Amino acid sequence: MSSGPITIWHQLVKEHNVRGLDALLAEDAVFYSPVVNTPQVGKSVTKQYLSAALHVFANESFHYVRELTGDREAILEFELELDGIAINGVDMIKWDEEGKITEFKVMLRPLKAVNLIHQKMAAMLQQA
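What you see as residue numbers is a count from 1 along each chain, following the sequence as written. Side-chain atom pairs in this predicted model are given and counted only at pLDDT of 80 or more, local residue features only at pLDDT of at least 70, and totals for whole chains, interfaces and linings cover all residues. Note: side-chain values were computed over all heavy atoms of the structure, leaving out hydrogens and water.

**Examining the overall build of the chain**
Thought 1: Helix and strand assignments follow DSSP, with helices taken as H or I runs no shorter than four residues and strands as E runs no shorter than two, numbered in order from the N terminus. Each helix and strand in the chain was counted, giving four helices and six strands.
Thought 2: Going residue by residue from the N terminus, the α and β elements of the chain occur as α-α-β-β-α-β-β-β-β-α.
Thought 3: Seen through its C-alpha atoms, the chain measures out along the principal axes to roughly 40 × 30 × 25 Å.
Thought 4: Only protein chains enter the calculation, and the probe is 1.4 Å; a residue is then buried if its accessible area is under 20% of its type maximum, exposed if over 50%, and partly exposed in between. The buried share of the chain, taken over its 128 residues, is 44%.
Thought 5: By definition in these notes, contact holds between two residues if any of their heavy atoms fall within 4.5 Å. Considering only contacts within the chain whose residues lie at least 6 apart along the sequence, 46% involve residues at least 24 apart.
Thought 6: To be clear on the numbers: accessible area is Shrake-Rupley with a 1.4 Å probe, and residue cover counts the displayed protein chains and nothing else. Accessible area for the chain stands at about 7200 Å²; split by element, carbon and sulfur atoms hold 50% of it.

**Overview of the nonpolar core**
Thought 1: One finds W9 and F57 to be the most contacted residues of the largest nonpolar core, which totals 36 residues.
Thought 2: No other element matches the eight residues that helix α3 (residues 43-57) contributes to this core.
Thought 3: Non-local contacts of F57, meaning those with residues more than four positions away in its chain, are made with F62, F78, L80, L108 and I117. Put simply, buried Ala, Val, Leu, Ile, Met, Phe, Trp, Tyr and Cys residues joined by side-chain atoms within 4.5 Å make one nonpolar core.

**Quick word on α3**
Thought 1: With 15 residues, α3 extends 20 Å between its outermost C-alpha atoms, agreeing within 8% with the 21 Å of an ideal straight helix rising 1.5 Å per residue.
Thought 2: Counting buried residues in α3 gives 11 out of 15 residues, a clear majority hidden from the surface. Take the residue count of a helix, subtract one, and multiply by 1.5 Å to get its expected span.

So this is what it looks like as structure tokens:
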């Protein structure tokens, strides 16, 4: 069974609900992108990246295939197909005692997927 913030995250993904991120993210949240070398620090920029990811990743093929959950952290493995490329990745999520996400790290494979996501995320972030 999922922990509180992970249950909320699953619901946001299912509904493509970017507005729900405001209540879920801590002010000092940090986002680690598979295509950006430096951590993206702060609620605002983390929300920007996660909002773009919800738009890019959220198609009918996206689904979580495995979940490992601890007291205040979880690893969620996902799969999807995008532009004919099979993508496999993990979301590594940590949260504080209030249930607010403090760290969100995304890892992807294969290299073709990383390149595709880089292109699509860059386009989404330029629109923001």
